[in-house]
Amino acid sequence: MHILSVIVESLGLIIGSVVAAILICWFLWSAFRLIRHPAWGPPIVVVPVILWAANMLPRSEFLRMTLVFALLAAIPFWVEGRAWRAAWIERQDPGTGDPAAS
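Residues numbered from 1 in each chain as written. Predicted model: local features only at pLDDT ≥ 70, side-chain atom pairs only at ≥ 80, totals over all residues. Heavy atoms only, no water.

1. Here's the deal with the overall build of the chain
Point 1. Each helix and strand in the chain was counted, giving 3 helices and 0 strands.
Point 2. Order of helices (α) and strands (β) in the chain, N terminus to C terminus: α-α-α.
Point 3. The globule rule puts the C-alpha radius of gyration for 102 residues at 13 Å, and the 18 Å found for the chain is more than 25% above it.
Point 4. Along the longest, intermediate and shortest principal axes, the C-alpha atoms of the chain span 65 × 30 × 15 Å.
Point 5. Expressed as a percentage of the 102 residues in the chain, the buried residues total 24%. (Helix = DSSP H or I, 4+ residues; strand = E, 2+ residues; numbered from the N terminus. Rg over C-alpha atoms; globule rule 2.2 N^0.38 Å. Buried < 20%, exposed > 50% of the residue type's maximum accessible area, 1.4 Å probe, protein only.)

If you want it as structure tokens, here you go:
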């Protein structure tokens, strides 16, 4: 019975960490999409990792796994954010587009 509880706890930790990491990256991507720079959101995940490494966040297995999975999940969100930004610039009229793009 003890082995079963260890297996369930481990699966819950892994699945919960993956879901939390994806939600964090999605939230950051969506928040920065409001200012038309969604590629800036996922790299912000590095800030909590630095805080955790500097012992400014609690030491918990769930937090550690979530941050590791968030770093991994940030990569596709960052790539998609760059693609979204490029497509958004292409859709804009020359007079209303990004000043840096003209």
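The rest of the description comes next.
2. Section: the packing of helix α1 (residues 2–33) against helix α3 (residues 61–91)
Point 1. The interhelical angle for the contact between α1 and α3, taken along N-to-C directions, is 40 degrees, at an axis separation of 7 Å. Viewed along their axes, α1 and α3 form a crossing whose handedness is right-handed.
Point 2. Its residues assigned to classes, the contact of α1 with α3 shows 18 nonpolar, 4 polar and 3 charged. (Axes fitted to C-alpha atoms, helices over the stretch in contact; angles between N-to-C directions. Left-handed = near helix turned anticlockwise from the far one by under 90°. Nonpolar A, V, L, I, M, F, W, Y, C, P; charged D, E, K, R; others polar.)

3. As for the packing of helix α2 (residues 46–53) against α3
Point 1. Contact pair α2 / α3: the axes reach a minimum separation of 10 Å and the direction vectors enclose 145 degrees. Between α2 and α3 lies a crossing of left-handed hand. Taking contact as the criterion, the partners of Val-46, Pro-48, Val-49 and Trp-52 in α2 are, on α3, Leu-63, Arg-64, Leu-67 and Leu-71.
Point 2. Residues belonging to the contact of α2 with α3 are distributed by class as follows: 7 nonpolar, no polar and 1 charged. (Contact = heavy atoms within 4.5 Å.)

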